[in-house]
Amino acid sequence: MADSTPLLSQPNSVKSESTPPPLEKHHPSLDSTIERCIGDFGWAQFLQALLVSSAWIFDAQQTFITVFTDAHPAWHCTSNQLDCNSASNICNLPKNSWAWNFPAYTSIISEWNLECAASIITGLPASSFFMGCLVGGLVLATLADSSLGRKNMLFLSCLTMSISSLLTVFSTNIWVYSALKLVCGFCRATIGTSALVLTIELVGKRWRGQVGVIGFFCFTIGFLSLPAIAYLNRVSSWRSLYLWTSIPGILYSLLVHFFVRESPRWLLVRGRKEEAVATLKSIAPPSHSWSFSEVSFEQEMSNNGNVYSTIKMLVQKRWAFQRLLLVMVIGFGIGMVYYGMPLGLGNLSFNLYLSVTLNALSEIPSSMFTILLIGKLNRKVSVLAFTTLSGIFSIMCALKGEVWTRLQIGLELVSFFSACTAFGILLIYTIELFPTCVRNSATSLVRQAIVFGGVFSPMLVAAERRDGIPSYVVFGLVIGCCGLFSACLPETRGRALFDTMDEEEHKEKAACNGVGDVLA
């Protein structure tokens, strides 16, 4: 690790003429130095955190918009034929014996006559979106750590996602539509990661858990806005949903460009000292009277290579690679439930608008639970408990019988609540597991693992609608099994954030030696 000297010094400090203390005490770490500047939570930090976290609103809208635009519309019989009823398969009925309840342009299924298409076709747009997220995450993951930074990555991702979403209204068939969804997913891939990491790096250790949850609240707001927008436009074209969600996203991107500040941690790691000091001055609480004249920090040279140098750093260090694999496996299981359950709500015996609203509302108590207890929660045990709970209740959703059908939406809500809580805790857990120089890349890869789970969800949901495959059983088994891997990760609650791989590795070795001494 490069040598460092105090970033900020308090004015009028008295210099001791005695022998200087040891080097590690005389030169505090970057984490402790920044803590002195932004450890207290001020209005400037709150406004920055709120503005950055608002990106999750548009992220949520584009993630779940296909629940309504790609929904199978309700239909009714137009003749008195005995074989035509609500339980009939419209693919086996004459075309003139039934009709859609609303105009054909309200859904891509009815507009493009996809009611009898294979499940892989009807699920293709949503799967293409998640596949785009996966590819985009892998391609763009390191840019926020290397060349672009957190702020520019967030700005470009929001802008390109919103523009590609706007272009979706010009789709003429399922293939063009799916291609544009792929592009939208690719552009959207790093929004959540960049917003979360930037938000947490703008505040001190004491507040990082609470501030990180602001993004989850904003995601809930975006998710919750969808059924409202869809209901108000239920007799309008499905294209109107993309218009209502993409144009505000473009306007928001401009706000990010002009008003959001870059992470001071990232600026210092990249050697951009003056910009980092300016950022700290702008967000530090006014009660602090620190002198910014004695600033010196050398960037970690191993991060100056190509944009994939951070991936190389994660793979080369055994402890980092093991952590990354474990959290990605856990993320895969969580993603299958988190993205799959809202898409599968159309298969339940419940009103689609109301069920989506209840799912969105369930994210609020999940976020409240996390924000109030994140400082006390053991990360490892929490992830294990909530993934197990989600798996059990997801499997129970598939039970047959009149009683279970009545309880179905309640069971689904408990499972989704547990998956939401596990999702939030896992992201904060991931941020605490990795140092600044690779934090954004590691978190992005974990998010891509979560998205990878979502790639399979639309196909499973469509297969259940057409072939009767119990998708909720598959969801429950996957998240339950994947959650077990959390038992192999170290605990991070209350631990300081480190900035270089050397610092993190030193802490890892110290912890292992401590365990060895106890066992001895």
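Residues numbered from 1 in each chain as written. Predicted model: local features only at pLDDT ≥ 70, side-chain atom pairs only at ≥ 80, totals over all residues. Heavy atoms only, no water.

## Here we look at the overall build of the protein
To be explicit about the condition: Secondary structure elements follow DSSP: runs of H or I no shorter than four residues count as helices, runs of E no shorter than two count as strands, and numbering proceeds from the N terminus. Think of it in three bands: with a 1.4 Å probe and only protein chains considered, a residue is buried below 20% of the maximum accessible area for its type, exposed above 50%, and partly exposed in between. Any two residues whose heavy atoms approach within 4.5 Å are treated as being in contact. Note on areas: Shrake-Rupley, 1.4 Å probe, and residue coverage restricted to the protein chains presented here.
In terms of helices and strands, the protein carries 23 helices and two strands. Looking at the protein as a whole, 55% of its 520 residues are labelled buried. Across the protein, the fraction of contacts at a sequence separation of at least 24, relative to all contacts at a separation of at least 6, is 84%. Surface accessibility of the protein: about 21600 Å² in total, with carbon and sulfur atoms responsible for 65%.

## So, the side chain of T430
Within the secondary structure, T430 is located in helix α20 (residues 402-433). Ignoring anything within four residues of it in the chain, the contact list for T430 reads V327, A442, T443 and V446.

## Describing empty space enclosed by the protein
The criterion, for reference: Any residue with an atom within 4 Å of a point lines the site, the site being either a cavity, points on a 1 Å grid over the protein atoms alone where a 1.4 Å probe fits but cannot get out, or a pocket, an open set with protein on both sides within 12 Å along at least 5 of 7 lines. Grid points are joined across faces, edges and corners, and a volume is the space filled by probe spheres set on the points. Amino acids outside the nonpolar list (Ala, Val, Leu, Ile, Met, Phe, Trp, Tyr, Cys, Pro) and the charged list (Asp, Glu, Lys, Arg) are all regarded as polar, and Gly is one of them.
Scanning the entire structure with this criterion turns up two cavities of 30 Å³ or more. Lining the largest cavity are 15 residues; nearest its centre among them are F216, Y338, E363, C420 and F423. Put simply, the parts of the chain that give the lining of the largest cavity at least two residues each are α4 (55-64), α12 (208-232), α17 (318-343), α18 (352-373) and α20. Residue composition of the lining of the largest cavity, grouped by class: seven nonpolar, five polar and three charged.

## A short note on a nonpolar patch on the surface
Short version of the rule: Residues qualify for a patch when their relative accessible area is over 30% and they have no salt bridge, like charges being joined within 9 Å and the nonpolar side chains of Val, Leu, Ile, Met, Phe, Trp and Tyr within 5 Å. The working definition used for a salt bridge is a side-chain nitrogen of Lys or Arg within 4 Å of a carboxyl oxygen of Asp or Glu.
Taken together, the side chains of L243, I247, L251, L254, L255, F258 and F259 present a nonpolar region at the surface, about 700 Å² in accessible area. Its location among the elements puts I247 in helix α13 (residues 239-259). By relative accessible area, I247 is classed as partly exposed at 43%.

## Comments concerning the packing of aromatic side chains
We apply this condition: Any two rings among Phe, Tyr and Trp, with Trp reduced to its six-membered ring, count as a pair given centres within 6.5 Å; such a pair is stacked if its planes are under 30 degrees apart, edge-to-face if over 60, and tilted if neither. In this scheme, the term charge over a ring applies when either NZ of a lysine or CZ of an arginine sits within 6 Å of the ring centre and within 35 degrees of the ring normal.
One pass over the structure, following the stated rule, counts 27 aromatic pairs. When the ring of F64 is compared with that of F223, the centres are 4.3 Å apart and the planes differ by 15°; the resulting orientation is stacked. Of the two residues, F64 is situated in helix α4 and F223 in helix α12; the sequence distance between them amounts to 159 residues. Exposure remark for F64: the relative accessible area of 1% places this residue in the buried category. The structure contains a cluster of three or more aromatic residues connected by ring pairs, namely W56, F64, F129, F130, F219, F223, Y338, Y339, F416 and F423. Positioned above the aromatic ring of Y231 is the side chain of R234, whose terminal nitrogen or guanidinium carbon lies 4.0 Å from the ring centre.

## With respect to the side chain of D70
Spelled out, the test is: Note on charges: Lys and Arg go in the positive column, Asp and Glu in the negative column, and His and the chain ends are not counted at all. In the analysis that follows, any N or O atom pair within 3.5 Å is treated as a polar contact, provided that within protein one partner can donate a hydrogen and the other can accept it, and provided that, for residues neighboring in sequence, both atoms belong to side chains.
With respect to the helices and strands, D70 occurs in the loop between α5 (66-69) and β1 (75-77). In this structure, D70 is buried with no salt-bridge partner, the nearest side chain bearing the opposite charge being K181 at 6.6 Å. For D70, the side chain forms a polar contact with the side chain of T69, separated by 2.8 Å.

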